[in-house]
Amino acid sequence: LQAMSTNEHEWLALKPQEPSPSQCCGSGCKPCIYDVYEKELARWERARAKQDKSLLMEKKEKSNNSELNPDTFTAFNISSVEQLTEDTYQYRFELPGNSSLRLSLGQHIVLRGVVDGLEVQRAYTPISPGNAEGYFEVLMKCYGAGLMSQYIKTWKKGDVVFWRGPFGGFPYRPNKHGELLMLASGTGLAPMLPILQSITNDEEDETFVTLVGCFCTFDKIYLKPLLQDLARYWNIRIFYVLSQETSLEKLPWSYQENTYTGRLSEDLLKTIINSCRRKPYVLICGSSAFNEDMSRYLKAAGIEENSCFVF
């Protein structure tokens, strides 16, 4: 057999790798990582047919401008790491100059990590306001056995990580809905915060909001000072549902009247819906099991599917 020419070896080394299933975050991104691969493969095939490596260069130039891009991953520096609970962290990433991510509300971005040589991708929603300048912040929960969690746990200030996006989002418009009912479990709080902040920052926006935050225990509620500040606005109500607390006695008195113990059940949700000041439009974000339960309870409470949005 004739040995492969060095030239051929070089071309094969430049060939894009097909993504593995673990690399798809499953959030329905447009373009999906598989779309990006198809595009890169076509570019590689064209360059190889013409034997012109400069045709591959477009990709290299693009990913150096530290601007978020849906097609290619961009490097961002971690400027601070703050541990919020035993397994949840808030990370701040630098943006060059005074630039901002310019995300629309509730949009998510996709993180790429490599663990034991395996590439994984996951979607996260920044909690910082979309127009924050010079930085963005992401809330992340680390699970014991999760591949991405193993990668995130190693992060420290000054590390570089790769993001692409933005994707999805909830097309929020001020005063479009009389009341928003936000049902958030754990880090599902993330996409709700930029929407809440945009309402409280806009004096013309008179949308009522009822946020229901579901956590295991009082200690596991994230960002309490921020939530308490938001709850002071005339049009914002916040309830907490703590699945593993048995009594409210140990809680600070300021939390006692708006906290429930146990799970967010169909009956409790009906009670909350009935206490809404207007017919609510519902936003849901949590685990897939939480999202399915909530969708079922809402249906039972007479809220139609076109009045709900699941992140």
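What counts as what
Residues numbered from 1 in each chain as written. Predicted model: local features only at pLDDT ≥ 70, side-chain atom pairs only at ≥ 80, totals over all residues. Heavy atoms only, no water. Pairing = 2+ DSSP bridges. Helix = DSSP H or I, 4+ residues; strand = E, 2+ residues; numbered from the N terminus. Axes fitted to C-alpha atoms, helices over the stretch in contact; angles between N-to-C directions. Parallel < 35°, antiparallel > 145°, perpendicular 65-115°, else oblique. Left-handed = near helix turned anticlockwise from the far one by under 90°. Contact = heavy atoms within 4.5 Å. Nonpolar A, V, L, I, M, F, W, Y, C, P; charged D, E, K, R; others polar. UniProt positions renumbered as here; feature names shortened; annotations may be inferred. Salt bridge = Lys/Arg side-chain N within 4 Å of Asp/Glu carboxyl O. Buried < 20%, exposed > 50% of the residue type's maximum accessible area, 1.4 Å probe, protein only. Lys, Arg positive; Asp, Glu negative; His and termini not counted. Polar contact = N/O pair within 3.5 Å; in protein donor to acceptor, adjacent residues only side chain to side chain. Domains from an automatic or database assignment. Buried area = accessible area lost by both parts, 1.4 Å probe.

A. Representation of the sheet that holds strand 1 (residues 74–85). In spatial order, the strands read 4-3-6-1-2-5; together these six strands make up an open sheet with antiparallel pairing. One side of each edge strand has no neighbouring strand; the edge strands of this open sheet are strand 4 (118–124) and strand 5 (135–141). Strand-to-strand twist of the sheet, defined as the mean angle between neighbouring strand axes without regard to direction, takes the value 40°.

B. A look at the packing of helix 8 (residues 266–274) against helix 9 (residues 288–300). For the pair helix 8 and helix 9, interaxial distance at closest approach is 9 Å and the crossing angle is 60°. What the angle tells us is that helix 8 and helix 9 run oblique. Of the two elements, helix 8 crosses helix 9, and the hand of that crossing is right-handed. Judged by residue contacts, Glu266, Leu269, Lys270 and Ile273 of helix 8 engage Met294, Tyr297, Leu298 and Ala300 from helix 9. Within the contact of helix 8 with helix 9, the residues separate by chemical class into six nonpolar, no polar and two charged.

C. View of the sheet that holds strand 11 (residues 280–285). Strand order in the open sheet formed by six strands is 10-9-8-7-11-12, with parallel pairing between adjacent strands. Strands with a single pairing partner mark the edges of an open sheet, and in this sheet they are strand 10 (259–261) and strand 12 (308–310). Direction aside, neighbouring strands of the sheet carry axes that sit 15° apart on average. Of the strand pairs in this sheet, strand 7 (residues 179–185) and strand 8 (residues 208–215) are connected by seven bridges, and their pairing is parallel. By the bridge assignment, Ser185 is partnered in strand 8 with Cys214. Along the sheet, helix 8 contacts strand 7, strand 8, strand 9 (236–242), strand 10 and strand 11; its crossing angle with strand 7, the most-contacted strand, is approximately 155°.

D. How the structure looks around the UniProt feature "domain: FAD-binding FR-type" (unreviewed entry) in the chain. When the UniProt feature table is mapped onto this chain numbering, "domain: FAD-binding FR-type" (unreviewed entry) sits at residues 71–173. A helix fraction of 6% and a strand fraction of 48% characterise residues 71–173, whose end C-alpha atoms lie 27 Å from each other.

E. Expanded view of the pattern of salt bridges. The tally for this structure, following the rule as stated, stands at eleven salt bridges. One salt bridge connects Lys279 with Glu304, and the closest N-O pair in it is separated by 3.2 Å. You can see Lys279 sitting in the loop between helix 8 and strand 11 and its partner Glu304 sitting in the loop between helix 9 and strand 12, a full 25 residues away along the chain. For the salt bridge of Arg296 with Asp293, the shortest nitrogen-to-oxygen distance reads 3.3 Å. Here Arg296 pairs with Asp293, and both are found in helix 9, just three residues apart, close to one helical turn.

F. Structural detail: the side chain of Glu119. Within the secondary structure, Glu119 is located in strand 4. Salt bridges are absent for the buried Glu119, whose nearest opposite-charge side chain, Arg112, sits at 4.3 Å. At 3.1 Å, the side chain of Glu119 and the side chain of Gln121 are in polar contact.

G. Inspection of helix 5 (residues 192–200) at higher detail. Most of helix 5 is tucked away, with eight of its nine residues classed as buried. Among the residues of helix 5, those classed as buried are Met192, Leu193, Pro194, Ile195, Leu196, Gln197, Ile199 and Thr200.

H. Seen up close, the domain arrangement of the chain. Partitioning the chain into structural domains gives domain 1 (74–167) and domain 2 (179–310). For domain 1 and domain 2, the distance between their C-alpha centres works out to 24 Å. For the pair domain 1 and domain 2, the summed buried surface comes to about 1,200 Å²; carbon and sulfur atoms form 73% of the total. Per-residue buried area on domain 1 facing domain 2 is highest for Leu105, Ile127 and Leu139; these three make up 40% of the total on that side. Between the two partners, domain 1 and domain 2, sit one salt bridge. Across the salt bridge formed by Glu86 and Lys220, the nearest N and O atoms sit 3.4 Å from each other.

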